[in-house]
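Working through the structure, step by step
Single-letter residue listing:
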Amino acid sequence: MMNHQIKTFEEYKTAYQESVENPEGFWADIAESFTWRKKWDKVLEWNFEEPNIKWFQGGKLNITENCLDRHLKTRGNKLALIWEPNDPKERFVRYTYKELHEKVCQFANVLKNNGAKKGDRICIYMPMIPELAIAVLACARIGAIHSVVFAGFSASAMADRINDAQCSMVLTSDGLNRGAKQIPVKRVVDEALATCDSVQKVIVVERLGWAVNMVEGRDVWYHDEVQQVGKDCPAEEMDAEDMLFILYTSGSTGKPKGVVHTCGGYMVYAQYTFRNVFQYEESDIYWCTADIGWVTGHTYLLYGPLLSGATTVMFEGVPNYPDMGRFWQIVDKFGVSIFYTAPTAIRSLMGGDIDDVLSYSLDSLKVLGSVGEPINEEAWHWYHIHVGKERCPLVDTWWQTETGGIMISTLAGITPMKPSHAGLPLPGVQPILVDNEGNEIKENGVEGYLCMKFPWPGMIRTTYGDPERCRLSYFSTYKGLYFSGDGAKRDENGLYRIIGRVDDVINVSGHRFGTAEIEEAINHNEHVIESAVVGYPHDVKGQGIYAFVICKDVPENQEMLRAEIIETVVEKIGKIARPDKIQIVSGLPKTRSGKIMRRILRKVAEGDTSNLGDTSTLLDPAVVDEIKEGAL
Ligand code: WT7
């Protein structure tokens, strides 16, 4: 098992068994292959009650030394990053490991010159340009904790995240390209910062060359700052359990939570899972289409590939610009061999002309991946047949922001692959299914709530500033277990099929939103008294957002009202959380204790009102008929 890469199903079984019998030995052996300034004192300390999880305690390292410095001798001139712009006519950018190392050191020096230091939280609100990747690594280099906020979030959503983490700095750009559109990013930052007192400095990268408002003493241009720094920047020494980053994600309450990952365990887990799931080889050209604003971009665009010395492709644009063949054109252009994307992208491209795929050779492809939501069989086969030409294994990777890396997935070409099934757990991952009472369901051919009974190095450590929230969200539902929030099936052969969320979280195009979060946004609209949001099956997005809204005075023109409500959501969260359907209602189905019966609303949203179940406990059963009749 060279480089801890599993090459046969037999090796998988051996590794899995070892990882369960002796998890500490298993992970310590893998961790040995990294560069540590000082080795750890203790591999693991844990309990799932508080929770308290510590991997490789006392170990000293810097993740960027592992991503960059240690490759310089053997891979200095190998390509680390290939960046493809939004507009195919614009020139792409390539950095070797040596060049990327230099860029990261320069950016790190700019951060230091502007007052950043170890432990500071830095918000990165940037489009998919090379400087985003560089900025993230620069933070890690100086020991600052990065909190990347997806550049599609609104000013208000950004401000909430900045305030929660008390960020001292924001890294951003003048604007961004997205398909045919250009968006003024810096203006959104300015709006957010009107309510953020913690931010001392804003560093702005030029992308569009737009004239932007620069606040004296606060805002500086990156291209000016970089003139004043050197190309060397020694990496800050970090403890394995020091924070590496915070990434906000939605839960079942209104307020997003800051998931905390630490340096050592995350590093080991990101690299191990990357190599094994995708069966990465030295000559591969690897492309993950996710934005760095999401965890997939963190672990599998940036850290996992760079830790492995891979060439990683980063794309600024969108799948349908300038046409529906854009992804495949890029695959051919760079000879991409491993391609990792989301079901929603596949489904949207399926809707196009088949020649948009068939006119590209796609010969370089070896492995395909899927992530973010269940991939339906139709999309699975389309992807496997038309993109992978039935010769590329397709890995359906299940994981979460909280897990740091892939947990359940086929290892490409090694372990069993079954359409719409994530497959077997990775070595070191101990999933169990439990019933309503939290009892383990041991047999195969069953369904239950997906939990983990043992820690893994990449797992969440806490929720920033609020450890109790971490306990309540993940460790209190079922005693002694990590609860994922997902329901899953396990087939006769032990392969897992993820069904989806069982909590009040909806997954729209692979992005998570709490129903409470969207309701809170809707309720900000002055016409709205109350609202209830549920997910419903959507052909492209996986789930769509269906909002039932009670308004003060309903005007003749309901369309105007709906448009206003959508505008409020866009303002509070961002375009990605726009409700697809808004039904104005006079009441909501509530129990006598005032609890909304979402089961009924879900049925209505799904268009299945034939059997709404028992409605006798409702305060006002008549409201159900009205809702049924007005369904959209
Ligand atoms: C939720 C996590 C992990 C990176 C992207 C999303 C759903 C994720 C799959 C999959 C079925 C999946 C789950 C999970 N999910 N991957 N392969 N099959 N469902 O990260 O925003 O933290 O969302 O996405 O419901 O709980 P996230």
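Residues numbered from 1 in each chain as written. Predicted model: local features only at pLDDT ≥ 70, side-chain atom pairs only at ≥ 80, totals over all residues. Heavy atoms only, no water.

1. Here we look at the overall build of the protein chain
Broken down by element type, the protein chain carries 20 helices and 31 strands. With the principal axes as the frame, the protein chain shows a C-alpha extent of 75 × 65 × 55 Å. For the protein chain, the proportion of its 632 residues judged to be buried stands at 61%. Partitioning the intrachain contacts of the protein chain with sequence separation of at least 6 by distance along the chain shows that 71% fall at a separation of at least 24. Once the 67 positive and 86 negative side-chain charges of the protein chain are each reduced to a mean point, those two points are 3 Å apart. (Helix = DSSP H or I, 4+ residues; strand = E, 2+ residues; numbered from the N terminus. Buried < 20%, exposed > 50% of the residue type's maximum accessible area, 1.4 Å probe, protein only. Contact = heavy atoms within 4.5 Å. Lys, Arg positive; Asp, Glu negative; His and termini not counted. Charge placed at Lys NZ, Arg CZ, Asp CG, Glu CD.)

2. Some thoughts on the site of the ligand
Around the ligand lies a shell of 17 residues, among which D396, T397, T401, D486 and R512 are the nearest. In this structure, D396 approaches the ligand through a side-chain N or O atom, which is 2.7 Å from a nitrogen atom. T401 is positioned with one of its side-chain polar atoms (N or O) 2.6 Å from an oxygen atom of the ligand. Protein burial of the ligand: of its 550 Å² of free accessible surface, 95% is covered by the chains. Those elements giving two or more residues to the shell around the ligand turn out to be α11 (295-307), β20 (394-397) and β26 (496-501). For the shell around the ligand, the residue count by class is 6 nonpolar, 6 polar and 5 charged. (Near = heavy atom within 4 Å. Polar contact = N/O pair within 3.5 Å; in protein donor to acceptor, adjacent residues only side chain to side chain. Areas by Shrake-Rupley, 256 points an atom, 1.4 Å probe, with all protein chains shown as cover. Nonpolar A, V, L, I, M, F, W, Y, C, P; charged D, E, K, R; others polar.)

3. A look at the sheet that holds strand β21 (residues 431-434)
One open sheet accounts for 5 strands, arranged β22-β21-β23-β25-β26; its pairing is antiparallel. Strands with a single pairing partner mark the edges of an open sheet, and in this sheet they are β22 (440-441) and β26. Examined bridge by bridge, strand β25 (residues 482-490) and β26 share 5 bridges and lie antiparallel to one another. By the bridge assignment, K489 is partnered in β26 with R497. (Pairing = 2+ DSSP bridges.)

4. What about the domain arrangement of the protein chain?
What the domain assignment reports for the protein chain is domain 1 (65-236) and domain 2 (508-630). Once you take the C-alpha centre of each, domain 1 and domain 2 turn out to be 38 Å apart. In this complex, domain 1 contributes 7 residues to the contact, which on the side of domain 2 involves 9 residues. Carbon and sulfur atoms supply 51% of the area buried between domain 1 and domain 2, which totals about 480 Å² over both sides. In terms of surface lost to domain 2, no three residues of domain 1 exceed F153, S154 and S156, which account for 58% of the buried area on that side. The tally of links between domain 1 and domain 2 comes to 4 residue pairs in polar contact (both at pLDDT 80 or more). By residue class, the composition of the side of domain 1 that touches domain 2 is 3 nonpolar, 3 polar and 1 charged. (Domains from an automatic or database assignment. Buried area = accessible area lost by both parts, 1.4 Å probe.)

5. Details of the sheet that holds strand β11 (residues 201-205)
Taken together, the 8 strands give an open sheet; going across it, the order is β12-β11-β8-β6-β7-β14-β15-β24, and neighbouring strands pair in mixed fashion. Since the sheet does not close on itself, it has two edges, and those belong to β12 (219-221) and β24 (462-463), each with one partner. Across the sheet, α11 is in contact with β7 (145-148) and β14 (243-249); its angle to β14 comes to roughly 140°. (Axes fitted to C-alpha atoms, helices over the stretch in contact; angles between N-to-C directions.)

6. Some details on the environment of I53
Position of I53 among the secondary structure elements: in strand β2 (residues 52-57). Of the residues examined, I53 reaches a relative accessible area of 4% and is grouped as buried. Distance from I53 to P589, taken between C-alpha atoms, is 42 Å for residues 536 residues apart in sequence. With residues up to four places along the chain from it excluded, the contact list for I53 reads E45, W46, N47, F48, E241, P455, M459, I460, R461 and F475.

7. Looking at the packing of aromatic side chains
In total, this model carries 46 aromatic pairs according to the counting rule given. Measuring from ring centre to ring centre gives 5.0 Å for W36 and W40, while their planes differ by 70°; the resulting arrangement is edge-to-face. Comparing W36 with W40 shows no difference in burial state: the two are buried. A centroid spacing of 6.4 Å and a plane angle of 75° characterise the contact between F339 and Y383, whose relative ring orientation is edge-to-face. Placement of F339 in strand β18 (residues 338-341) and of Y383 in helix α15 (residues 377-387) is noted, with a sequence separation of 44 residues between them. Residues F339 and Y383 agree in their burial class; the two are buried. For the cation-ring pair, K39 lies above W40, with the distance from its terminal atom to the ring centre recorded as 5.2 Å. Taking NZ or CZ as reference, R91 lies 4.5 Å from the ring centre of F92, over its face. (Phe/Tyr/Trp six-rings, centres within 6.5 Å; stacked < 30°, edge-to-face > 60°. Lys NZ or Arg CZ within 6 Å of the ring centre and 35° of its normal.)

8. Considerations on the pattern of salt bridges
One pass over the full model with this rule turns up 38 salt bridges. R218 is paired through a salt bridge with D190; the nearest N and O atoms lie 2.9 Å apart. Of the two residues, R218 is situated in the loop between β11 and β12 and D190 in helix α8 (residues 185-193); the sequence distance between them amounts to 28 residues. With respect to burial, R218 and D190 carry one shared label: buried. Here E559 ties to R562 by a salt bridge, and the two come within 2.6 Å at their closest N and O atoms. (Salt bridge = Lys/Arg side-chain N within 4 Å of Asp/Glu carboxyl O.)

9. Thoughts on the pairing of strand β8 (residues 169-173)
Taken across its 5 residues, β8 has 5 buried, putting it largely inside the fold. Where burial is concerned, the two faces of β8 agree: the one with M169, L171 and S173 and the one with V170 and T172 are both buried. Where strand β6 (residues 121-125) and β8 come together, 4 bridges link them in parallel fashion. Bridge assignment links C123 to a residue of β8, and that residue is V170. Where β8 lies against β11, 5 bridges are found, and the strand directions are parallel. Paired with S173 across the strands is V205, a residue of β11.

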